[in-house]
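# Chain and residue survey
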Amino acid sequence: MAQRTVEAQRGGPRDLQARVLETGLCTACGACLGHCPYLKTLGERVAFIHPCPLPEGRCFEVCPRAALDPDRLDAQLAGAGPADPLLGPHLALHFARALDPEVKRRGQYGGVTTALTLFALGAGAAEAALLTGGSPTAAPHPVVARDRATALAAAGTKYSACATLAPLAPLLREGSAPLAVVGRPCQVAALRKLEARGEGGHRLALVIGVFCFWALTPPFYRFLASRADLAPATKMDIPKEGGVVFSVNGGAVRIPLDQVRPFIRPACQSCFDPTAEWADLAVGSTEYDPDWNTLVVRTARGQALVDGAVAAGALEVTPYPAERIPILRAAVRGKKIRVLAALEAGRAEAAYLEISPERRAALQPEAEGGA
Ligand SMILES: Cc1cc2nc3c(=O)[nH]c(=O)nc-3n(C[C@H](O)[C@H](O)[C@H](O)COP(=O)(O)OP(=O)(O)OC[C@H]3O[C@@H](n4cnc5c(N)ncnc54)[C@H](O)[C@@H]3O)c2cc1C
Ligand code: SF4
Ligand code: SF4
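All of the points below concern the structure found in this document. Model, not experiment: these values are computed from the prediction.

## Considerations on the pattern of salt bridges
- Applying the stated rule across the entire model yields 21 salt bridges.
- With a shortest N-O distance of 2.8 Å, Asp 84 and Arg 329 are connected by a salt bridge. With a gap of 245 residues between them, Asp 84 in the loop between helix H4 (70-76) and strand E3 (92-98) and Arg 329 in helix H13 (residues 325-344) connect regions that are remote in the sequence.
- Of the charged contacts, one joins Arg 192 and Asp 280 as a salt bridge, the two residues approaching to 3.5 Å between their closest N and O atoms. Here Asp 280 lies in the loop between helix H11 (257-260) and strand E11 (281-284) and Arg 192 lies in helix H9 (residues 185-196), a separation of 88 residues in the sequence.
- What makes Arg 192 buried here is its relative accessible area of 3%.
- For Asp 280, a relative accessible area of 1% corresponds to the buried category.
- The structure contains a network of salt bridges with shared partners spanning Asp 100, Glu 102, Arg 105, Arg 106 and Arg 148.

Below, the structure is given as C-alpha cells:
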C-alpha cells in the first residue's frame, strides 16, 4: 500500500490530462495554474492550451484529484489535534460568530471566516489573504486582500468552483511575507500537497477551510441570468428549511433545490472531504442558527488565532452543542460512505483516493454505534 501511494502521487502533465481533466474530476481548485504557462481557465474549466512534454510536473503533484491519501495528510499537519476519520484532526469544536456588526451583516452566516481573516491581517499574522470575490449570481474570481475593505467585499458564499488558488504560485514566488488562504476543502488539500513539496511552507501562515458538500458549474449562472427577478440578489443560501434562497431588495426569492441539482459539479460527487480536514481552522454553517457558524479548530496555529480574535473582541465562541455532534458526524459519514462505495466498486471517479483498511473500518456506522 505504501509503495502504491508513493507512485500514485507522481506524474506529469499527460497524467493530469488523462486522469483529471479529461475525466471531469477537476475541482477547479486552481492549484496547478500558475505552476505552468500552458494551463489556463475558461470559465471554471481548467485546460492545457498547449501540450507539455515533461514526464513529471508540479501541476500533477499538487493536484488533489491526481492522488489523495488522508493518512499522509493527517500525519503532515503540523500542530494538529487527534485524527478523527470523520471530522479530521481537531483540537476543539465550537459554535462561533463575529462581533463586528459590519462583518456580521456581510458574512454568509456568523461571519467567522471574515472576522478571522481580518484579525489575521490586522494582527500581522498575514500580510495578504487569498479569497474568493464576486456577486452570488455571477462567476466568482480570486481576490488578494491586503486591507479591510477588500476582505469585507469578499465575504459571502459563492456556490461555484472558483479557481481561487490560481494567483498562489506567483504570490509565493514574488514575496516573503506570510499569507492566509481561505478555500474549499479540495483547495485546502491542494495547499497541503504544495507544502509537502516544500513550496511556500513558511509563507502559508494560515489556512482556513470552508465546509463544502458540493459546488455548482458555470451554466448555473446562465440559469440565474434567465431570471430577471434575481438580478439584484445580494446573497444566496441553501437553508436547512430547504430550497435555494436569494436575498433580493430586503426580501427573499426561493427556488426549489431540484432546479439547482442538475448544475452540481460532477467532481463533487466523488469528494471525500466536506469539512476541510487539513485546514488550520474549518468553518461551516450550524444547520441550526444562521447567525452562528460551526468552527473546527484543527491546529495549534489555528487555536492561537482564535484565542487572539476572542481576546480582541472580534469573535465569540461557545461550546458545540453535544446533541448536535452526531448530526454533523452523520452528514459527513453519509458523504464519505457514498464515495467509499464508488471506490470499492472500482469506479474511476474514486480511484484517486488511497484509503487504508483501518480508515475504511472506522468510517462504518457500527464503528460509532450506528451514529
Ligand atoms: C461551494 C460552497 C459550498 C458550501 N456548502 C456548504 C455546506 O453544504 N454546508 C456547510 O455547512 N457549509 C457550506 N459552505 C460554507 C458556508 O457557505 C460558509 O462559507 C461558511 O460557513 C463560512 O461562513 P461565514 O459566515 O464565516 O462566511 P464569510 O465570513 O462570509 O466568509 C466566506 C468566505 O468564503 C470564501 N468563499 C466564498 N465563496 C467561495 C468559493 N466558491 N470557493 C472558495 N472560497 C469561497 C470567501 O472568500 C470568504 O473568505 C459552502 C461553501 C462553498 C464555497
Ligand atoms: S490542481 Fe486543481 S485545478 Fe488543477 S487539475 Fe487538479 S483539481 Fe483541477
Ligand atoms: S464538494 Fe469537494 S470537490 Fe467539490 S468544490 Fe467542494 S470541496 Fe471541492
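## Here we look at the sheet that holds strand E10 (residues 251-255)
- Pairing is antiparallel across the open sheet formed by three strands, whose spatial order is E8-E9-E10. The open sheet has two edge strands, strand E8 (235-237) and E10, and neither has a second partner. The mean angle between the axes of side-by-side strands here comes to 25 degrees, regardless of whether they run parallel or antiparallel.
- Across five bridges, the pairing between strand E9 (residues 244-248) and E10 is antiparallel. Each residue of the ladder has a partner; that of Val 244, found in E10, is Ile 255.

How each quantity is defined
Residue indices begin from 1 for each chain and proceed along its sequence in written order. Chain labels run from A onward and ligand labels from 1 onward, assigned in the order the entries are written. In view of the model being predicted, local features appear only for residues whose pLDDT reaches at least 70, and side-chain atom pairs are presented and counted only at 80 or more, with totals across whole chains, interfaces and linings using the full set of residues. Excluding hydrogens and water, the side-chain figures rest on all heavy atoms present in the structure. One side-chain nitrogen of Lys or Arg within 4 Å of one carboxyl oxygen of Asp or Glu is enough to make a salt bridge. Only DSSP runs of H or I covering at least 4 residues are called helices, and only runs of E covering at least 2 are called strands; the numbering of each starts at the N terminus. Any residue under 20% of the maximum accessible area for its type is buried, any over 50% is exposed, and the rest in between are partly exposed; the area is computed with a 1.4 Å probe on protein chains only. DSSP bridges decide pairing: two strands pair if at least two such bridges lie between them. An axis is simply a line fitted to the C-alpha atoms; with a helix, the fit covers only the stretch in contact. Between two such axes, the angle follows the N-to-C directions and lies from 0 to 180 degrees.

Taken by themselves, the reported measurements are silent on function.
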